[in-house]
Amino acid sequence: MACTYIVSTRTQAKLIIAIGTRISSGWNSHEINSAAITWGALSAELYSPGKTYFQIPLGLLYGFIAPALLYAMHRLFPGQRIWSYLNMPIIFTFLGGLTFSVNGMWWPGFIIGLSTQWWVRTRKPL
């Protein structure tokens, strides 16, 4: 609360502008409010089995299973170093950016993420 108060008092003149600025356009608070409404009041109509957006809560399950499978592969085949080099949260984070970018522009971030992980894991092994 204190940080929000300090930021809002120091930038009050810029925040009052109706069109928004790079300081604050109200987009973040609007996004949080929309998420609160859909996950709270409308969750049964939107995210239940057989409903339109049922895949969204299943994404939580997918996000848990995918790294667990790679961890199991790492434990089953300790001689194959590839399983210890893969960092699935970083890979999935870069893949998740695909929906927010222009078509085809996600490859640089994905390649940077993979190559960075490869470089760090080969030079600083676990």
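Refer to the structure above for everything that follows.
Model, not experiment: these values are computed from the prediction.

Novice: Account for helix 5 (residues 55–76), with residues named and values stated.
Specialist: The terminal C-alpha atoms of helix 5, which comprises 22 residues, lie 30 Å apart, in line with the 32 Å expected from a rise of 1.5 Å per residue. Remark: the principal bend of helix 5, roughly 25°, maps to L61.

Novice: Residue-level account of the packing of aromatic side chains, with values.
Specialist: Evaluation of the coordinates by the stated rule reveals one aromatic pair. Between W39 and Y47 the ring centres are 4.1 Å apart and the planes differ by 15°, which places this aromatic pair in the stacked class.

Novice: I'd like to hear about a nonpolar patch on the surface, residue by residue, with values.
Specialist: A contiguous nonpolar patch, built from L61, Y62, F64, I65 and L69 and spanning about 530 Å² of accessible area, is present on the exposed surface. Among the structural elements, I65 can be located in helix 5.

Novice: Explain the layout of surface pockets to me, using residue names and the numbers behind them.
Specialist: Once rolled over the atoms, a probe with the size of a water molecule shows which space is left empty. By volume, the largest pocket is sized at about 160 Å³. Residue lining of the largest pocket: 11 residues in total, with Y71, H74, W83, S84 and L86 positioned closest to the centre. Of all the secondary-structure elements, those providing two or more residues to the lining of the largest pocket are helix 5, helix 6 (82–85) and helix 7 (88–96). The leading source of residues in the lining of the largest pocket is helix 5, at four residues. The residue makeup of the lining of the largest pocket, split by class, is eight nonpolar, two polar and one charged.

How each quantity is defined
Counting starts from 1 at the beginning of each chain's written sequence and moves along it residue by residue. Local features in this predicted model are restricted to residues whose pLDDT is 70 or higher, and side-chain atom pairs enter the listing and the counts only when it is 80 or higher, whereas totals over whole chains, interfaces and linings include all residues. Values shown for side chains rest on all heavy atoms present in the structure; no hydrogens or waters enter the calculation. The helix and strand labels rest on DSSP assignments: H or I over at least four residues marks a helix, E over at least two residues marks a strand, and numbering proceeds from the N terminus. Helix span, as expected, comes to 1.5 Å for every residue beyond the first. Note on bend: the value at a residue is the angle between axes fitted to the seven residues ending there and to the seven starting there. Note on aromatic contacts: the rings of Phe and Tyr and the six-membered ring of Trp form a pair at centre separations within 6.5 Å, being stacked when their planes are under 30 degrees apart, edge-to-face when over 60 apart, and tilted otherwise. Put simply, a patch holds well-exposed residues, over 30% relative accessible area, that have no salt bridge, with like charges counted together within 9 Å and Val, Leu, Ile, Met, Phe, Trp or Tyr side chains within 5 Å. Values of accessible area rely on a 1.4 Å probe in the Shrake-Rupley scheme; residue burial ignores everything except the protein chains shown. Each reported salt bridge corresponds to a side-chain nitrogen of Lys or Arg within 4 Å of a carboxyl oxygen of Asp or Glu. Cavities and pockets were defined on a 1 Å grid built from protein atoms only: a cavity is a group of points that admits a 1.4 Å probe but offers it no way out, a pocket is an open group of points flanked by protein on both sides within 12 Å along at least five of seven lines, and a lining residue is one with an atom within 4 Å of any such point. Grid points are joined across faces, edges and corners, and a volume is the space filled by probe spheres set on the points. Residues are sorted three ways: Asp, Glu, Lys and Arg are charged, Ala, Val, Leu, Ile, Met, Phe, Trp, Tyr, Cys and Pro are nonpolar, and all the rest, Gly among them, are polar.

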